[in-house]
Amino acid sequence: MANVAVIGTQWGDEGKGKVVDIYAEQADVIARFQGGNNAGHTLVVGGRKTILHLIPSGILHENKICIIGNGVVVDPSVLLEEIEQLRKGDLFPQNTKLMVSERAHLIMPYHRSIDQAREAHNSGKKIGTTGRGIGPAYEDKAARTGIRLIDLYDEQSFREKLHRALEEKNFLLKGLFGQKPLDENEIAAEYLGLAEKLKPYVADTSFVLDRENKNGKKILFEGAQGSQLDIDYGTYPFVTSSNTAAGNASCGSGIGANAINKVVGICKAYTTRVGEGPFPTELHDEIGEHMQKVGQEFGATTGRKRRCGWLDIVLVRQAIRISGVTDLAITKLDVLTGLDKIKICVGYKTPAGDYTHAVPADIRILSQCQPVYEEFPGWKEDISPARKMDELPPNARKYLNRLEELAQARISLVSVGSGREETISLRDPFRD
Ligand code: GDP
Ligand code: IMO
Ligand code: MG
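Everything quoted here is computed from the prediction, not taken from an experiment.

A. Representation of helix α7 (residues 205-214) in the model. Buried within α7 are the following residues: T205, V208, L209 and E212. Projected onto a plane normal to the axis of α7, the buried residues spread over an arc of 100° and lie on a single side. Set apart from the buried face of α7 by more than 90 degrees, the exposed residues are F207 and K214. Buried positions along α7 lie against β2 (29-32), β5 (65-68), β7 (97-101), β9 (202-203) and β10 (219-222).

Encoded structure:
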């Protein structure tokens, strides 16, 4: 029996939500460990679509423990809204528990304001963030000026921390960005009110994970974003502000690294990216348009059109290396149906004329790299009813076989549609 981490191997939106929802059936505990409501994880169950931003994608299942770990930055009003929406839709089973780490850092109104003001101010240099205050909240965590969930339950100390933070933030908002300063009392009243409502969910989640783990329960760690958005290994500075690699499942949830036994890397059968930054295999032609339209590639958080291109195995291999991916889940294979030819980028020609399998650390070099492709014949058959590998057309199987060979990681799941059941399951990562 194993605990499993699910992570994105590209630029996010690989279909982590769908796969976590499927694996959650077998799991007892589902835990988010990084990111915040920049994430948008989509589940389609019985034709009904649910998009989760903060709450783990196991929430639709009966009898689970869903944890928002200490490594997540929590916008309390977003969390409460999400809880309310799920309850209203009758999607939050009575016997499933939701817990938020008391150590999680809060996204404050000034984090959102600064995030958005910076993006507007840096015209031409923007990152294309989700504007949810993620970066500024992690900055305060590292600067040791952050406010944690637990701080809301000691009013005097919370007010002192808020006062100190606002001195600096209002200086920035007014002085640099020419915006109206934020009101301390208004924020205090809002957050103290939210704290009361959140109280039933606040817990020492590291303790809960340890207890469940020792009791032989199965834990599923749910990553957000993707490897190329990792703050260390992504296309810096066009990244998010946390480590998206599987190692962070340990730090971000407060459990030892040896509790993570398997790592499933989610890999879209092509590549997408939202926001700015280099993207070597990006397509600006009718094939890119096909992927965008057929794949309905719009951001689940901001609604922005996702940029699309061929699968880049150089990037995926890096993700496999830095996260110790043991199994791959290939998603959205159905979106490639109908294309005459399909390509996989297997290496880059660098601006110096060399051929490389490595991802250059310097994004100026990466953005000048020319992808070197292998080409495959496509297929025309509708593959969404396939539930077994041998129900896929031979050319789809050839594509997957070569992908597996190039990635040097075994494929354990293939997704052929957005629905929970539109899945070819090859093995259960908790068992084998
Ligand atoms: P996440 O952030 O990694 O959870 O992914 P998103 O939910 O942001 O984006 C993935 C999108 O693709 C969602 O709209 C899913 O419903 C959809 N999706 C997931 N798997 C498949 C698949 O195999 N085929 C198709 N056509 N859509 C899929
Ligand atoms: P899920 O979990 C895709 C991108 C933003 C931007 C960059 C920084 O749904 O895969 P941020 O708001 O984090 O400071 O933005 O990261 N980004 C995502 N792209 N999927 C996500 O999450 C993302 N979360 C952030 O578009 O380029
Ligand atoms: Mg998403």
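More follows now that the structure is in view.
B. Spatial organisation of the domain arrangement of the chain. Along its sequence, the chain is organised into domain 1 (4-98 + 204-425) and domain 2 (105-200). The centre of domain 1, based on its C-alpha atoms, is set 29 Å off from the matching centre of domain 2. Domain 1 puts 26 residues into the contact, and the matching count from domain 2 is 19 residues. For the pair domain 1 and domain 2, the summed buried surface comes to about 1,900 Å²; carbon and sulfur atoms form 62% of the total. Interface area lost by domain 1 to domain 2 is led by V73, P76 and L80, which between them contribute 28%.

C. Broad picture of the pairing of strand β1 (residues 4-8). Within β1, 5 of the 5 residues are buried, which leaves it mostly tucked inside the rest of the structure. Because side chains alternate across β1, one face comprises the buried residues V4, V6 and G8, and the other comprises A5 and I7, equally buried. Two elements, β1 and strand β11 (residues 262-268), share 5 bridges in a ladder whose sense is parallel. Following the sheet pairing, A5 is matched in β11 by V263. Bridging between β1 and β10 involves 3 bridges; their strand directions are parallel. Paired with V6 across the bridge in β10 is E222.

D. Geometry of the site of ligand 1. Lining the immediate environment of ligand 1, one finds 19 residues, of which G15, K16, T42, D334 and S415 sit closest. The backbone of K16 places a nitrogen or oxygen atom 2.7 Å from an oxygen atom of ligand 1. A distance of 2.5 Å separates an oxygen atom of ligand 1 from a polar atom in the side chain of T42. Its free accessible area being 590 Å², ligand 1 has 92% of it covered by the protein chains. Contributing elements (two or more residues each) for the shell around ligand 1: α1 (16-24) and β3 (41-45).

E. Expanded view of the nonpolar core. L328, L333, L336, Y399 and L403 are the most contacted members of the largest nonpolar core, which totals 56 residues. The biggest single contributor to this core is helix α12 (residues 394-407), with 6 residues. If we ignore the near neighbours within four places in the chain, the residues touching L336 are A269, Y270, H290, M291, I342, W379 and Y399. Counting residues in hydrophobic clusters, the runner-up holds 52 residues, among them V19, I22, L79 and A195.

F. Region of the structure containing the site of ligand 2. Taken together, 20 residues sit near ligand 2, with D13, K16, H41, T130 and T240 positioned nearest. For ligand 2, an oxygen atom lies 2.9 Å from a polar atom in the side chain of N38. The protein chains hide 97% of the 550 Å² of surface that ligand 2 would expose on its own. Across the shell around ligand 2, the residue classes tally to 7 nonpolar, 10 polar and 3 charged. When we break the shell around ligand 2 down by domain, the ones giving at least three residues each are domain 1 (4-98 + 204-425) and domain 2 (105-200).

G. Examining the sheet that holds strand β15 (residues 327-331) more closely. The strand order across the open sheet formed by 10 strands is β9-β7-β5-β2-β10-β1-β11-β15-β19-β20, and the pairing between neighbours is mixed. The open sheet has two edge strands with one neighbour each: β9 and β20 (423-425). Those strands touched by α1 are β1, β2, β10, β11, β15, β19 (410-415) and β20, and its axis lies near 165° from that of β1.

H. How the structure looks around the coordination of the magnesium ion (ligand 3). At 2.1 to 2.2 Å from the magnesium ion (ligand 3) lie its protein donor atoms, namely D13 (OD) and G40 (O). Taken together, the residues D13 in the loop between β1 and α1 and G40 in the loop between β2 and β3 connect sequence positions 27 residues apart.

I. Representation of α12 in the model. Relative to the 20 Å expected for 14 residues at 1.5 Å per residue, α12 spans 20 Å between its end C-alpha atoms, a close match to the ideal helical length. When we look at burial in α12, the residues that qualify are A396, Y399, L400, L403, L406 and A407. Down the axis, α12 shows its buried residues gathered within 130° of arc, on one side only. Exposed side of α12, more than 90 degrees from the buried face: K398 and E405 are the residues found there. Buried residues along α12 sit in contact with β14 (311-312), α10 (313-323), β15, β16 (341-349), β18 (370-377) and β19. Looking one or two residues beyond α12, the residue adopting positive phi is Q408, at roughly 55°.

The rules we used
- Residues numbered from 1 in each chain as written.
- Chains lettered and ligands numbered in written order.
- Predicted model: local features only at pLDDT ≥ 70, side-chain atom pairs only at ≥ 80, totals over all residues.
- Heavy atoms only, no water.
- Buried < 20%, exposed > 50% of the residue type's maximum accessible area, 1.4 Å probe, protein only.
- Helix = DSSP H or I, 4+ residues; strand = E, 2+ residues; numbered from the N terminus.
- Arc of directions from axis to C-beta.
- Contact = heavy atoms within 4.5 Å.
- Domains from an automatic or database assignment.
- Buried area = accessible area lost by both parts, 1.4 Å probe.
- Pairing = 2+ DSSP bridges.
- Near = heavy atom within 4 Å.
- Polar contact = N/O pair within 3.5 Å; in protein donor to acceptor, adjacent residues only side chain to side chain.
- Areas by Shrake-Rupley, 256 points an atom, 1.4 Å probe, with all protein chains shown as cover.
- Core = buried A, V, L, I, M, F, W, Y, C linked by side-chain atoms within 4.5 Å.
- Nonpolar A, V, L, I, M, F, W, Y, C, P; charged D, E, K, R; others polar.
- Axes fitted to C-alpha atoms, helices over the stretch in contact; angles between N-to-C directions.
- Donors = N, O, S within 2.8 Å, 3.2 Å for Na, K, Ca; no water.
- Expected span 1.5 Å × (residues − 1).

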